[in-house]
Amino acid sequence: DQQVKQNSPSLSVQEGRISILNCDYTNSMFDYFLWYKKYPAEGPTFLISISSIKDKNEDGRFTVFLNKSAKHLSLHIVPSQPGDSAVYFCAAVDSGSARQLTFGSGTQLTVLP
Amino acid sequence: DAGITQSPRYKITETGRQVTLMCHQTWSHSYMFWYRQDLGHGLRLIYYSAAADITDKGEVPDGYVVSRSKTENFPLTLESATRSQTSVYFCASSESESTDTQYFGPGTRLTVL
């Protein structure tokens, strides 16, 4: 039973447009969320995070939105660039009881020039 | 060069053989983690360690053994490899609790024939 779900295995967008990657979770105890980016033949790298006390966190072209009532978060990339083409993993943690990240299955983003 | 390294990067072995995957980090991070990445499952935690000589099971620990005699090393051993353990294995480290950024190694692609 996957507690963190990324229902879109792939997404293609044009360069300069907005990319929106979605993530849903089922565990209401999750209170901290992260996005990681992964290029082929490399390990994942941290991108951006958000605490459950916030509903938005921004870092340059990347913004994460959290909707706790819907148990949904999304990553917006504006404007999208070809170098953003990668697999994006959503991850969540219940910081009160666990030291483990629970990852989604990932979304392959392709930014077309 | 500082960072987190994994060896070997690629390994082919046969069913029933013992295999050890190595992980080394130069940051003196307290926490270290082993994940496996499989299509459709994202990253799943195998084992983690909060400090030298302290290890704990993750989501999918069966068939794996870990040790942490030194802070900088966290080897993962498959005592009797099975085909279902064919996967890409990632090691990660972080300074403290799970809400801290985890830094991933480049991965080891293991094939069990």
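This is a predicted model, so every value here is computed, not measured.

Reading the values: the criteria
- Residues numbered from 1 in each chain as written.
- Chains lettered and ligands numbered in written order.
- Predicted model: local features only at pLDDT ≥ 70, side-chain atom pairs only at ≥ 80, totals over all residues.
- Heavy atoms only, no water.
- Helix = DSSP H or I, 4+ residues; strand = E, 2+ residues; numbered from the N terminus.
- Buried < 20%, exposed > 50% of the residue type's maximum accessible area, 1.4 Å probe, protein only.
- 1 Å grid on protein atoms, 1.4 Å probe; cavity = no way out; pocket = protein on both sides within 12 Å on 5 of 7 lines; lining within 4 Å.
- Points joined across faces, edges and corners; volume = space filled by probe spheres on them.
- Nonpolar A, V, L, I, M, F, W, Y, C, P; charged D, E, K, R; others polar.

A look at unusual backbone geometry
And then number 1: Residue Pro79(A) is reached from Val78(A) by a cis peptide bond, and omega for that bond is -10°.
And then number 2: Its place among the elements puts Pro79(A) in the loop between strand E8 (72–77) and strand E9 (86–93).
And then number 3: You will see that Lys71(A), though not glycine, has its phi angle at about 50°, which is positive.
And then number 4: The residue Lys71(A) is located in the loop between strand E7 (62–67) and E8 in this model.
And then number 5: Positive phi, normally seen in glycine, also occurs at Ser28(B), with a value near 65°.
And then number 6: As for its placement among the helices and strands, Ser28(B) is situated in the loop between strand E3 (19–25) and strand E4 (31–38).
And then number 7: Taking the relative accessible area as the measure of exposure, Ser28(B) reaches 58% and is therefore exposed.

Some words on the layout of surface pockets
And then number 1: Taken as a whole, the largest pocket spans an internal volume of roughly 580 Å³.
And then number 2: In this structure, the largest pocket is lined by 31 residues; those nearest its centre are Lys38(A), Gln37(B), Leu39(B), Val88(B) and Arg109(B).
And then number 3: At the level of elements, E9 and strand E11 (107–112) of chain A together with E4, strand E9 (87–94) and strand E11 (108–112) of chain B are the ones that each hand at least two residues to the lining of the largest pocket.
And then number 4: Considering only residue class, the lining of the largest pocket consists of 13 nonpolar, 13 polar and 5 charged.
And then number 5: Here the second largest pocket is characterised by a volume of approximately 360 Å³.
And then number 6: What lines the second largest pocket is a set of 17 residues, among which Asp1(A), Gln3(A), Thr102(A), Phe103(A) and Glu59(B) lie closest to the centre.
And then number 7: Where the lining of the second largest pocket is concerned, the elements lending two or more residues are strand E10 (102–103) of chain A together with strand E5 (42–51) of chain B.
And then number 8: Counting residues per element, the lining of the second largest pocket draws most heavily on E5(B), which supplies 3 residues.
And then number 9: Taken together, the residues that form the lining of the second largest pocket break down as 7 nonpolar, 6 polar and 4 charged.

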